[in-house]
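Observations on chain architecture
The lines below spell out each chain.
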Amino acid sequence: MRKIVIFASGSGSNAEKIILHFKNSNSGVVSAVFSNKPDAKVLEKSQNLGISTVVFDKNALSDGTVLTKIKTIDPDLIVLAGFLWKFPESIIEQYPGKIINIHPALLPKYGGKGMYGMNVHRAILENGEKETGITIHYVNEQYDEGGILFQATVSVEGCTTPEAIAAKVQELEHEHFSIVIENLLKA
């Protein structure tokens with residue numbers, strides 16, 4: 001069974017969808033969820049679904065402690081699902097082509113440092129975009145610059161708040177992220 005490790009910092013709606021998807025799949029299993037926030041809802045959701053969790057701080061991420069924990073799991077894929085810190089080069093080097101991220105916009109637009117969550121949706125609204133979407137991409141040493149695996153679009157005409165845009169984008173995330181992960185594991 002192929003193993004997935006998820007990194008998340010927030011509510012964990014994408015992580016939860018991925019965990020549930022792979023509970024009914026023979027192509028992979030979520031082995032652990034890592035979070036940099038001890039009070040993140042993703043931890044509770046993961047534990048309720050029987051998934052082990054790891055909480056860490058910046059020092060553990062940069063000093064190799066997190067990498068050591070990842071190595072004990074030996075994942076086939078590392079999935080960033082709402083993880084907000086820049087991923088360390090030491091982990092990227094150990095798992096080339098095996099780390100992916102989901103971004104709540106159509107990269108290369110609205111990517112880079114500080115462009116996450118409501119910051120992205122606010123910028124899309126302020127710039128009068130007619131559509132937005134999601135990008136699932138490989139992780140490299142730069143924010144949101146790894147090779148693009150998948151994009152899906154949605155119209156945001158008529159959306160008057162960043163929250164309305166966020167809801168449409170989240171629907172796309174939930175619809176596509178698990179399927180893209182499964183296809184990668186089968187490749």
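As a reminder, the structure under discussion sits directly above these lines.
Presented here is a report on the structure given in the accompanying data block. (Residues numbered from 1 in each chain as written. Predicted model: local features only at pLDDT ≥ 70, side-chain atom pairs only at ≥ 80, totals over all residues. Heavy atoms only, no water.)

1. Quick look at the overall build of the protein
Along its length, the protein carries seven helices and seven strands. Element order for the protein, N to C, with α for helix and β for strand: β-α-β-α-β-α-α-β-α-β-α-β-β-α. For the protein, the C-alpha radius of gyration of 16 Å lies close to 16 Å, the compact-globule estimate for 187 residues. In terms of overall dimensions, the protein has a C-alpha envelope of 50 × 35 × 35 Å along the principal axes. For the protein, restricting intrachain contacts to residue pairs at least 6 apart in sequence, the fraction spanning at least 24 positions comes to 67%. When the accessible area of the protein is evaluated, it comes to approximately 9,100 Å², of which 48% is carbon and sulfur surface. Within the protein, one finds 18 positive and 21 negative side-chain charges whose respective centroids are separated by 3 Å. (Helix = DSSP H or I, 4+ residues; strand = E, 2+ residues; numbered from the N terminus. Rg over C-alpha atoms; globule rule 2.2 N^0.38 Å. Contact = heavy atoms within 4.5 Å. Areas by Shrake-Rupley, 256 points an atom, 1.4 Å probe, with all protein chains shown as cover. Lys, Arg positive; Asp, Glu negative; His and termini not counted. Charge placed at Lys NZ, Arg CZ, Asp CG, Glu CD.)

2. Let's talk about the pattern of salt bridges
By the definition in use, this model includes three salt bridges. Arginine 2 serves as the salt-bridge partner of aspartate 76, at 3.3 Å between the closest nitrogen and oxygen. A residue pair is termed long-range when its members are at least 10 positions apart, and aspartate 76 in the loop between α4 (65–73) and β4 (77–80) and arginine 2 in strand β1 (residues 2–7) qualify at 74 residues. Residue classification places aspartate 76 among the partly exposed positions, given a relative accessible area of 21%. Residue arginine 2 is classed as partly exposed on the basis of its relative accessible area, which comes to 31%. The partner of glutamate 182 in a salt bridge is lysine 186, with the nearest N and O atoms 3.8 Å apart. Here the residue glutamate 182 and the residue lysine 186 both occupy positions in helix α7 (residues 162–186), the gap between them amounting to four residues, near one helical turn. We classify glutamate 182 as buried; its relative accessible area is 13%. (Salt bridge = Lys/Arg side-chain N within 4 Å of Asp/Glu carboxyl O. Buried < 20%, exposed > 50% of the residue type's maximum accessible area, 1.4 Å probe, protein only.)

3. Some remarks on unusual backbone geometry
A cis amide bond links leucine 107 with the next residue in sequence, proline 108, at an omega value of 15°. Take proline 108: it is sitting in the loop between β5 (99–103) and α6 (117–126). Phi at aspartate 74 takes a positive value of approximately 55°, unusual for a residue other than glycine. When you line up the elements, aspartate 74 lands in the loop between α4 and β4. Accessibility expressed as a relative area gives 49% for aspartate 74, which makes it partly exposed. Positive phi values are uncommon outside glycine, yet tyrosine 110 reaches one of about 60°.

4. Describing the side chain of asparagine 14
By secondary structure assignment, the location of asparagine 14 is in helix α1 (residues 13–23). Among residues more than four places away in sequence, those in contact with asparagine 14 are Ala81, Ile102, Glu173, His174 and Phe177.

5. Regarding α7
With 25 residues, α7 should cover 36 Å at 1.5 Å per step; its first-to-last C-alpha distance of 36 Å lies within 8% of that length. Along α7, the helix axis deviates most sharply at histidine 176, where the bend reaches about 30°. (Expected span 1.5 Å × (residues − 1). Bend = angle between axes of the 7 residues up to and from the residue.)

6. Things to note about the packing of aromatic side chains
Here the structure, examined in full by the defined rule, presents nine aromatic pairs. Ring geometry for phenylalanine 7 against phenylalanine 34: centres 4.8 Å apart, planes inclined by 20°, an arrangement best described as stacked. Linking phenylalanine 7 in strand β1 with phenylalanine 34 in strand β2 (residues 28–35), this pair joins segments that are 27 residues apart in sequence. By relative accessible area, which is 0% here, phenylalanine 7 ends up buried. Ring plane angle 45° and centroid distance 6.1 Å describe the contact between phenylalanine 56 and phenylalanine 83, whose orientation is recorded as tilted. Residue phenylalanine 56 is found in the loop between β3 (52–55) and α3 (58–62), and its partner phenylalanine 83 is found in the loop between β4 and α5 (89–94); the two are separated by 27 residues along the sequence. Per residue, the accessibility class of phenylalanine 56 equals that of phenylalanine 83, and both read buried. Among the aromatic residues, those joined into a ring-pair cluster are Phe7, Phe34, Phe56, Phe83, Trp85 and Phe87. (Phe/Tyr/Trp six-rings, centres within 6.5 Å; stacked < 30°, edge-to-face > 60°.)

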